[in-house]
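What follows is each chain in one-letter form.
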Amino acid sequence: MFDNQLYVTCRWRHQWLQRGGAERNLTPIESCGAEEEETGAMEPAGDELLFYVNGKRIVENHAEPEMTLLTYLRRKLGLTGTKLGCAEGGCGACTVMISKFHPHLKCIVHHAVNACLAPVCSLHHCAVITVDGIGTVASRLHPVQERIAKAHGSQCGFCTPGMVMSMYTLLRNNPEPSMVDIEEAFQGNLCRCTGYRPILEGYKTFAKKSACCGGRGRGKGCCMANNCNEEDISEDPTVLNQMYDPSKFIPLDPTQEVIFPPELLNLGKQPPRQMKFKGERVLWIQPSTLTELLDLKSHYPESKLVVGNTEVGIEMKFKNLLYPVILAPAYISELNSVQHTKQGIVFGAACTLTLLGEVLRDAVAKLPTYQTEVFKAILEQLRWFAGKQIRNVAAIGGNIMTASPISDLNPVFMAAACKLTTMSKDERRVLKMDDNFFPGYRKTALKPEEILLSIEIPYTKKGQYFSAFKQSPRQEDDIAIVTCGMNVVFKEGSNIVEKILLSFGGMAPTTVIPKTTCKKLIGSAWNEKLLEDACASLAEEMVLPPSAPGGMVPYRRTLTLSLFFKFYLTVKHYLAVDLQHENVTVEDVKPDYSSATELFHKDSPSSVQLFQAVPPGQSSEDFVGRPIMHLSALKQATGEAVYCDDIPCYENELHLALITSTKAHAHILSIDTGEAMTVPGVVAFVFAKDIPGSNITGPAFYDESVLAEKMVTCVGHIVGAVVADTQAHAQRAAKVVKITYDELKPIISIQDAIDSQSFYQPVRTMKKGDTAQGFKDSDHILEGEIHIGGQEHFYLETNCTVAVPKGEDGEMELFVSTQTASKTQALVAKALGVPANRIVCRVKRMGGGFGGKESRSIILSTVVAVAASKVKRPVRCMLDRDEDMLVTGGRHPFLGRYKVGYMTSGKIIALDVTFYANAGNSKDLSFSIVERALFHMENSYNIPHVCGTGYMCKTNLPSNTAFRGFGGPQGMMVAESWMSDVALACGIPSYEVRRMNLYNEGDLTPFNQRLEQFTIGKCWEECLDISNYMKRQGAVEEFNRQHRWTKRGLSIIPTKFGISFTSVFLNQAGALVHIYTDGSVLLTHGGTEMGQGLHTKMVQVASRALGIPCSKIFISETSTNTVANTSPTAASASSDLNGMAVYNACQTLLQRLEPYKVKNPKGSWEDWVNAAYFDRVNLSANGFYKTPDLGYNFDSNSGRAFNYFSYGVSCSEVEIDCLTGRQKTLHTTIVMDVGKSLNPAIDIGQVEGAFMQGLGLFTLEELHYSPQGSLLTRGPGMYKIPAFGDIPVELQVSLLRDSPNDKAIFSSKAVGEPPLFMAASVFYAIKDAITAARSESGLSGPFRLDSPATSERIRNACEDRFTKLCPPAEPGTYTPWAVRV
Ligand SMILES: Cc1cc2nc3c(=O)[nH]c(=O)nc-3n(C[C@H](O)[C@H](O)[C@H](O)COP(=O)(O)OP(=O)(O)OC[C@H]3O[C@@H](n4cnc5c(N)ncnc54)[C@H](O)[C@@H]3O)c2cc1C
Ligand code: FES
Ligand code: FES
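Values in this document were obtained by computation on a predicted structure and should not be read as measured data. (Residues numbered from 1 in each chain as written. Chains lettered and ligands numbered in written order. Predicted model: local features only at pLDDT ≥ 70, side-chain atom pairs only at ≥ 80, totals over all residues. Heavy atoms only, no water.)

### Comments concerning the overall build of the protein
Phase 1 of the analysis: The number of helices and strands found in the protein is 39 helices and 46 strands.
Phase 2 of the analysis: Counting every position in the protein, which comprises 1381 residues, the buried fraction comes to 65%.
Phase 3 of the analysis: Of the roughly 47,600 Å² of accessible surface on the protein, 52% is carried by carbon and sulfur atoms.
Phase 4 of the analysis: Charged side chains of the protein number 137 positive and 145 negative; the gap between the two group centres comes to 1 Å. (Helix = DSSP H or I, 4+ residues; strand = E, 2+ residues; numbered from the N terminus. Buried < 20%, exposed > 50% of the residue type's maximum accessible area, 1.4 Å probe, protein only. Areas by Shrake-Rupley, 256 points an atom, 1.4 Å probe, with all protein chains shown as cover. Lys, Arg positive; Asp, Glu negative; His and termini not counted. Charge placed at Lys NZ, Arg CZ, Asp CG, Glu CD.)

### Some words on the pairing of strand β2 (residues 49–53)
Phase 1 of the analysis: In terms of residue burial, β2 counts as a mostly covered element, since five of its five residues are buried.
Phase 2 of the analysis: Of the two faces of β2, the one holding Leu49, Phe51 and Val53 and the one holding Leu50 and Tyr52 are both buried throughout.
Phase 3 of the analysis: Two elements, β2 and strand β3 (residues 56–60), share five bridges in a ladder whose sense is antiparallel. When the bridges of β3 are listed, Leu50 appears paired with Val59. (Pairing = 2+ DSSP bridges.)

### Here's the deal with helix α3 (residues 69–76)
Phase 1 of the analysis: The element α3 is extensively covered by neighbouring structure, given that seven of its eight residues are classed as buried.
Phase 2 of the analysis: Regarding α3, the residues found buried are Leu69, Leu70, Tyr72, Leu73, Arg74, Arg75 and Lys76.
Phase 3 of the analysis: Positive backbone phi, approximately 70°, marks Gly78, located one or two places after α3.

### A closer look at the UniProt feature "binding site: [2Fe-2S] cluster 1" (unreviewed entry) in the protein
Phase 1 of the analysis: With numbering aligned to this structure, UniProt lists the feature "binding site: [2Fe-2S] cluster 1" (unreviewed entry) at Cys86, Cys91, Cys94 and Cys116. Spanning 31 residues, the named residues nonetheless gather at one spot, since no C-alpha pair among them exceeds 10.1 Å.
Phase 2 of the analysis: Looking at the secondary structure, you find Cys91 in the loop between α3 and β4 (95–102).
Phase 3 of the analysis: With relative accessibility at 2%, the residue Cys91 sits in the buried group.
Phase 4 of the analysis: Discounting residues that sit within four places of it in the chain, Cys91 has contacts with Gly85, Cys86, Gly188, Asn189, Leu190, Leu796 and Pro1276.
Phase 5 of the analysis: Mapping Cys116 onto the fold places it in the loop between β5 (107–114) and β6 (127–129).
Phase 6 of the analysis: Assessed through its relative accessible area of 7%, Cys116 is described here as buried. (UniProt positions renumbered as here; feature names shortened; annotations may be inferred. Contact = heavy atoms within 4.5 Å.)

### Side note on the pairing of strand β17 (residues 464–471)
Within a regular strand, side chains alternate between the sheet's two faces.
Phase 1 of the analysis: Of all eight residues in β17, eight are buried; the element is thus mostly enclosed.
Phase 2 of the analysis: Neither face of β17 is exposed, since Gln464, Phe466, Ala468 and Lys470 on one face and Tyr465, Ser467, Phe469 and Gln471 on the opposite face are all buried.
Phase 3 of the analysis: Relative to strand β18 (residues 482–490), β17 runs antiparallel, the two sharing eight bridges. Across the sheet, the residue bridging to Gln471 is Val482, located in β18.

### Focus on the site of ligand 1
Phase 1 of the analysis: Lining the immediate environment of ligand 1, one finds 31 residues, of which Lys304, Leu305, Val307, Thr310 and Asp408 sit closest.
Phase 2 of the analysis: Leu452 places a main-chain nitrogen or oxygen 2.9 Å from a nitrogen atom of ligand 1.
Phase 3 of the analysis: For ligand 1, the protein covers 93% of the area, taking 980 Å² as the surface of the free molecule.
Phase 4 of the analysis: Only β10 (304–305), α15 (396–402) and β16 (451–458) provide two or more residues apiece to the shell around ligand 1.
Phase 5 of the analysis: Looking at which element gives the most residues to the shell around ligand 1, the answer is α15, with five residues.
Phase 6 of the analysis: Partitioned by chemical class, the residues of the shell around ligand 1 number 16 nonpolar, nine polar and six charged. (Near = heavy atom within 4 Å. Polar contact = N/O pair within 3.5 Å; in protein donor to acceptor, adjacent residues only side chain to side chain. Nonpolar A, V, L, I, M, F, W, Y, C, P; charged D, E, K, R; others polar.)

### Overview of the environment of Glu1215
Phase 1 of the analysis: Relative to the helices and strands, Glu1215 resides in strand β44 (residues 1204–1217).
Phase 2 of the analysis: According to the relative accessible area criterion, Glu1215 is buried, its value standing at 13%.
Phase 3 of the analysis: Setting aside residues no more than four positions away along its own chain, Glu1215 makes contact with Phe1039, Thr1046, Lys1047, Arg1048, Arg1222, Gln1223, Lys1224 and Leu1226.
Phase 4 of the analysis: A polar contact of 2.7 Å, which involves the side chain of Glu1215, links it to the side chain of Arg1048.

### A look at the UniProt feature "binding site: Mo-molybdopterin" (unreviewed entry) in the protein
Phase 1 of the analysis: Within this numbering scheme, the UniProt entry marks Gln819, Phe850, Arg964 and Ala1131 as carrying the feature "binding site: Mo-molybdopterin" (unreviewed entry). The annotated residues occupy 313 residues of the chain but converge on a single region, no pair of C-alpha atoms lying more than 12.5 Å apart.
Phase 2 of the analysis: Mapped onto the secondary structure, Phe850 falls in the loop between β33 (839–843) and α26 (857–871).
Phase 3 of the analysis: Residue classification places Phe850 among the buried residues on the basis of a relative accessible area of 11%.
Phase 4 of the analysis: Setting aside residues up to four positions removed in sequence, Phe850 forms contacts with Arg192, Cys193, His793, Tyr795, Gln819, Ala962, Phe963, Arg964, Met1090 and Gln1253.
Phase 5 of the analysis: Relative to the helices and strands, Arg964 resides in the loop between β37 (945–954) and α29 (968–986).
Phase 6 of the analysis: Classification of Arg964 by relative accessible area gives buried; the value is 8%.
Phase 7 of the analysis: Setting aside anything within four residues of it in sequence, one finds Arg964 in contact with Phe850, Arg891, Pro969, Gln1246, Gly1249, Ala1250, Gln1253, Gly1312, Glu1313 and Leu1316.

### Structural notes on the side chain of Ser661
Phase 1 of the analysis: With respect to the helices and strands, Ser661 occurs in the loop between β21 (654–660) and β22 (666–672).
Phase 2 of the analysis: Residue classification places Ser661 among the buried residues on the basis of a relative accessible area of 1%.
Phase 3 of the analysis: A distance of 2.6 Å separates a polar side-chain atom of Ser661 from the backbone oxygen of Lys663.

### What to know about the state of the cysteines
Two cysteines, two sulfur atoms, one covalent bond between them: this is a disulfide.
Phase 1 of the analysis: A complete count under the given rule lists zero disulfides for this structure.
Phase 2 of the analysis: Looking at Cys644, it has no disulfide partner, and the nearest cysteine sulfur is the one in Cys800, 3.5 Å off.
Phase 3 of the analysis: Cys841 carries a free sulfur, and the closest cysteine sulfur to it, the one in Cys644, is 9.2 Å from it.
Phase 4 of the analysis: Taking the relative accessible area as the measure of exposure, Cys841 reaches 0% and is therefore buried. (Disulfide = S-S within 2.5 Å.)

### Considering the side chain of Asn1040
Phase 1 of the analysis: Turning to its location among the elements, Asn1040 is positioned in helix α32 (residues 1029–1042).
Phase 2 of the analysis: For Asn1040, a relative accessible area of 11% corresponds to the buried category.
Phase 3 of the analysis: Discounting residues that sit within four places of it in the chain, Asn1040 has contacts with Thr1046, Lys1047, Arg1048, Ala1332 and Glu1336.

### Things to note about a positive patch on the surface
Phase 1 of the analysis: A cluster of basic residues, Lys419, Lys432, Lys461 and Lys499, forms a positive patch at the surface.
Phase 2 of the analysis: With respect to the element layout, Lys499 can be found in strand β19 (residues 497–505). (Patch = residues over 30% accessible without salt bridge, like charges linked within 9 Å, V, L, I, M, F, W, Y side chains within 5 Å. Salt bridge = Lys/Arg side-chain N within 4 Å of Asp/Glu carboxyl O.)

### Digging into the packing of helix α18 (residues 528–541) against helix α19 (residues 553–581)
Phase 1 of the analysis: Running from N to C, α18 and α19 point in directions that differ by 160°, and their axes come no closer than 9 Å. Between α18 and α19, the interaxial angle falls into the category roughly antiparallel. When you trace α18 past α19, the crossing you get is right-handed. Facing α18, whose interface residues are Glu528, Leu530, Leu531, Ala534, Cys535, Leu538 and Ala539, α19 presents Arg557, Thr560, Leu561, Phe564, Phe565 and Tyr568. (Axes fitted to C-alpha atoms, helices over the stretch in contact; angles between N-to-C directions. Parallel < 35°, antiparallel > 145°, perpendicular 65-115°, else oblique. Left-handed = near helix turned anticlockwise from the far one by under 90°.)

### A look at the packing of helix α4 (residues 143–150) against helix α5 (residues 160–173)
To characterise two packed helices, one gives the angle between the axes of the helices and the distance between these axes.
Phase 1 of the analysis: Orientation of α4 relative to α5, taken along the N-to-C sense of each, is 130°, at an axis distance of 9 Å. When the axes of α4 and α5 are compared, the pair comes out oblique. In this structure, α4 meets α5 at a crossing whose hand is right-handed. Facing Val144, Gln145 and Ile148 of α4, the residues of α5 in contact are Thr160, Met163, Val164, Met167, Tyr168 and Leu171.

### Details of the sheet that holds strand β35 (residues 894–902)
Whether parallel or antiparallel, the strands of a sheet pair through hydrogen bonds between backbone atoms.
Phase 1 of the analysis: Judged by pairing direction, the sheet is mixed, and its five strands sit side by side in the order β29-β37-β36-β35-β30 without closing on themselves. Each end of this open sheet is capped by a strand with a single partner; those strands are β29 (759–768) and β30 (780–788). Between one strand axis and the next, the sheet turns by 10° as a mean value, whatever way the strands run.
Phase 2 of the analysis: Two strands pair when backbone bridges link them, and β29 and β37 are joined in this way by seven bridges, in the antiparallel orientation. Looking at β37, one finds that Tyr760 is bridged to Met952.

Quick look at the structure:
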């Protein structure tokens, strides 16, 4: 038994990691003398915690109640496959499977769980399976690992282990899942790179009955919905639509899985005993009986009960709350029981939401439908309640007792008048769940010594109707804006209201009942008059102060009416049907209103990807142009790919946490570290005075400081850092450092900056033609503006640096997650006061970058390096998600103001546009970003007279920075806004206006660059064709005629994106190629790998250039000591630049090998290499490339700005719910010109990933700042990026064929950024749908729609009788919760 046992203690961590903690196969640590001695010196802190990880037995004598399973896995066991993306249960990167013998269900249950929230103490007698435990590349891949990789579902790979484990758990429970099961399994997983489609496609191969062949059936078998037909899929053999061969996938064999440990099975059947774990600050007690629990609660009335820890975990981590005693009642049978009674079903308070759902689903299937109205409503709420991982652990009692005003279940429980049973040592009470139950914000009627025992959910009766609604920014895994339960009982055989109970969440500090309204409606007939009375009364009763937390006040108020209206219609329909049986006639819902009663529903997505086949005769060893898999994908899927924070800890390593400003603009008066010094494990503080070199820094302009000294200029400004033995200690200390400030008035928004003329210089202007004359010549002139919100990068891997001082000559080695190794090297050297040649910066890979690690990563690296040089020990810092979002800035918010002159025909003659970009507290890269917006201000339209001006607003926000598209999308978005206005003003379909204004081959841009090899016309035609645009347009119009409260919209949008850094000097790249004597090739180039497949493409380039298979070529990392002075991996240009540099190096080597080839033409690559070696030939070569003929001059408006342009056209169709503002994308076609694709799988991955990121930008993602400049949206809970459920129902991507580009390597084109703007087609399709909704209220002509088109904006724009009842407060009369920046 001992052989199979892994004893883990606190002190051995470093040895374990040094000795192979990061290795794949866990080997038991022998209880050697030295370790026993160390262990023996420590008092056991309570009971032994026994659990299994990946089949290995673990006994932990010092279980720390504050430690999560994730930290335990990564730091204690060295199992770094499981990733940390957010620490709040919101991203799924940390998903593992937990199995246990369920004492009440009497079976083994397997659940996907967020390791970041699971306290390690909760794992007693559980078995944990992580991604590291199910397969490895070298031994055996698990089918779930293989399929995600080979289906191209892993780009940066940081989300991949979580995806793998969600799917793995699903298959453990159900080896033949349906597509719906698969989609449900991923509700709690986020990916920022892939756009989700390939993940679903890969895993669809496990589904019982594949929902759709994705068009691959090509013909009779093709099941694609609606518009898919045989003609859609080309029969041309040069066009391919399959990027992998599923028939070669390893079959799933459920008999091969790790079994549940027999020991745990036996232990699980034995009666439990009380367990105690004592940690540094917290005592964890797991009572085994209800009596024990009640005794303990009476002894520790302030203790917290913890079941799922999905609420308490967040409070402790992010709200800095400390609960010294935790009681874990998860195993107490009374709290886990389910009893069916005459009145309803009674659930123990610790029953999980998953169990709740299963029991209710079963009841709905078995009981008469009138009896289960409440159950169905709860099931509807559960559909949209968090993700599977949360529902698997979160308890009903936890949801009730948290007393959150936006709880999804409490309004339903309240409207259903559920009964709660509470208990203390001395008393048992039954409380009705009404508005007395929540006396205040996050308060309940329970006494401190009481616990919630159970809840009774009642059956409904005939003549009773019940609905629940939830409106959230994102449909899946999101907290509600407004949520409600609605219950009505009619007098028998009539439509007269006998009882009505409405309950709302999101409308007050507690869940509330609009009592006056409910009272008023009793005795009324269910008709139009009741609706009017109800709405008028709700509008009066459901008021919110204009500065209410959460904002969106008019929207929230309107929602209460809109949702009631939906309930009204739903009940009206049921009444009409039910009363008909009783011979009472009640008018049914009008057909054009009926869609308002439908619950949100989305079909399983389907897709098609089309790309060009390689030419016939291309060697099978030449992989250029073939859809080969990302070279790290398999390692990413097994968790073996090493990211910065996966590097094993050094023996004497320390952890760093940042001390940041809480004020936007202030003088620092004092910094007090007194309390922080008392936190255990603290080693040092780092402030500006500790910087040995220069505190002045900045990626393009030296206008920032590494650490703020006298003044802070944004919330999140880094003032200092704490270095401690663990991350937890460092963070705890950082939080108690006290800074006193003398506050100054901050400038937060673009409007503030305009008002105070706070701009960085210079202000850029670009001009072509004569705008004054153009306006004179125009038939009409219109003016307008659009605000485009910022965007958080939300790379799944946050910023991370490990700095290792080398001990001599000021040398330091940095492991960094950065897109810019050379700049990091240079600025760290500057801060340390050493020459750059002492600093080596190494980048293995990043878990996503998107521009966010182009410059803003450097400050963190510099602070960590300064700390490491101060303490002379390795220092590590991986930012938590909230810190990362707070300090690093994101995409620039833009305000675009425009004046357009146009003819009645829709032809545009003149444009005057001004951009204001919110740059934040330093210039960073804003200058180039504003320039790029100007370079894209006309998008793809030929306008004779143009003038654009760009301002960089200097504000007190964290410096905004590069983000995929780099100002281009904002510039083009403004263009599409005036284009849409012109179409609306002229009353001409927008696609016609867009088409007539498109450029043609040879036209000149506003910056006087001639458009050559211009393919937009070709893309446009193909897009119209594939999307069936004209047919679709007719169908949309017909749909809109038939539906009053649901509208559809359609739009087609082009893009033209200039490729090159606009700073000319950056358009250079280097490469270094070594050939070793065994023939293997080590390739290094200046670009970094962040998931975009750059290394894969570079290997393909080298493979073709050298004429050897890809398998002989390896890229280890990017480092400043192999290729010097590299440009950041950015501007989409890295494949072009580095590809040419790699090619150049390979050519040099080929020339050197040529004599040996000539001498031995039949020899192998290895023969030639060996012959050259023995002949003393240098088998290493540098390559270099600089893009020729670049150099635009703003003053003279001459010179080439770009090497070439990438083009694309996209069409989208959407459907909006006019009552809630919810939208779904029904269809998207994208035709993208990527030249001759180097790798169609990677390019399509970039197109789809960028599109989804753009979809987030233009429809969903909203950063909220307080009026004082504090970011309120600091994690996936508050900031929503698109999830699986947001992908278009139909997605067709086509890479334009026969369009080689003579300006880049092997005729390819850049692809990283250009497709992002294709998501604007969704935004303008939404605008089109809103236009249709507005026309129902008699509104026509241009209207303003800012980006993102969130449900709030959509609803507010669909003006109707309900919005009129909830007008916004007069601006300036109140302080809003959040301001638009
Ligand atoms: C990512 C994420 C998404 C979420 N999404 C949603 C959502 O969509 N909708 C929604 O409504 N909520 C959501 N939540 C909130 C949370 O998941 C729920 O409130 C959940 O039901 C809490 O249950 P738990 O067992 O995890 O609670 P815990 O964190 O274990 O406990 C929560 C509170 O309840 C108390 N408590 C628990 N049981 C008892 C008892 N028997 N007697 C007395 N007190 C008790 C605890 O002391 C504590 O104060 C989300 C949370 C996360 C992290
Ligand atoms: S890290 Fe656990 S869900 Fe994000
Ligand atoms: S591959 Fe999913 S986050 Fe990068």
